Amino acid sequence: MSQHCLSCGACCAAFRVSFYWAETDAHPLGRVPQALTQAVSPHHVCMQGTANSPVHCIALDGEVGKQVSCRIYAARSSTCREFSAGSEACNRARAMHNLPAIQAEAEV
Ligand code: SF4
Ligand code: SF4
């Protein structure tokens, strides 16, 4: 995780965070708590709070742009895992929260 993310959280409060239902613990191999999700289609769910306006994922603790943490970090969805700091979408989310753009960091 980028160090920028610890004081950001903008992407958890900007977009609908949806994924295949089998990533939830309703499936034997899923890990995302189903109780924190809601259905968006017959096969997809999203994190509660991310289909609302304003968007704020139910699992996001803290204050966007100050200090944040994800309550289900180890069990977060592939959508969350694949979101990369410094990407175009990241900087779009940051701009929505009046945070400056950042550059992608080299993978280590
Ligand atoms: S918007 Fe970018 S910097 Fe902020 S938490 Fe998401 S990935 Fe990290
Ligand atoms: S599950 Fe965690 S990482 Fe994913 S959107 Fe919610 S707070 Fe952010």
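Before reading on, note that the structure itself is shown above.
Residues numbered from 1 in each chain as written. Chains lettered and ligands numbered in written order. Predicted model: local features only at pLDDT ≥ 70, side-chain atom pairs only at ≥ 80, totals over all residues. Heavy atoms only, no water.

**Description of unusual backbone geometry**
Phase 1: Following S53, the chain continues to P54 via a peptide bond in cis, the omega torsion being 0 degrees.
Phase 2: The phi dihedral of N98 is positive, around 55 degrees, even though this residue is not glycine.
Phase 3: With a relative accessible area of 74%, N98 lands in the exposed category. (Buried < 20%, exposed > 50% of the residue type's maximum accessible area, 1.4 Å probe, protein only.)

**A closer look at the nonpolar core**
Phase 1: Ranked by size, the top nonpolar core spans eleven residues in total: V17, F19, V32, L36, V45, M47, C57, A59, L60, V68 and I72.
Phase 2: With near-sequence residues (within four places) excluded, A59 lies in contact with M47, S69, C70, R71 and I72.
Phase 3: Judged by nonpolar contacts, the second largest core, of seven residues, contains C8, A14, A89 and L99. (Core = buried A, V, L, I, M, F, W, Y, C linked by side-chain atoms within 4.5 Å. Contact = heavy atoms within 4.5 Å.)

So far we have only geometry, and geometry alone does not tell us how the molecule works.
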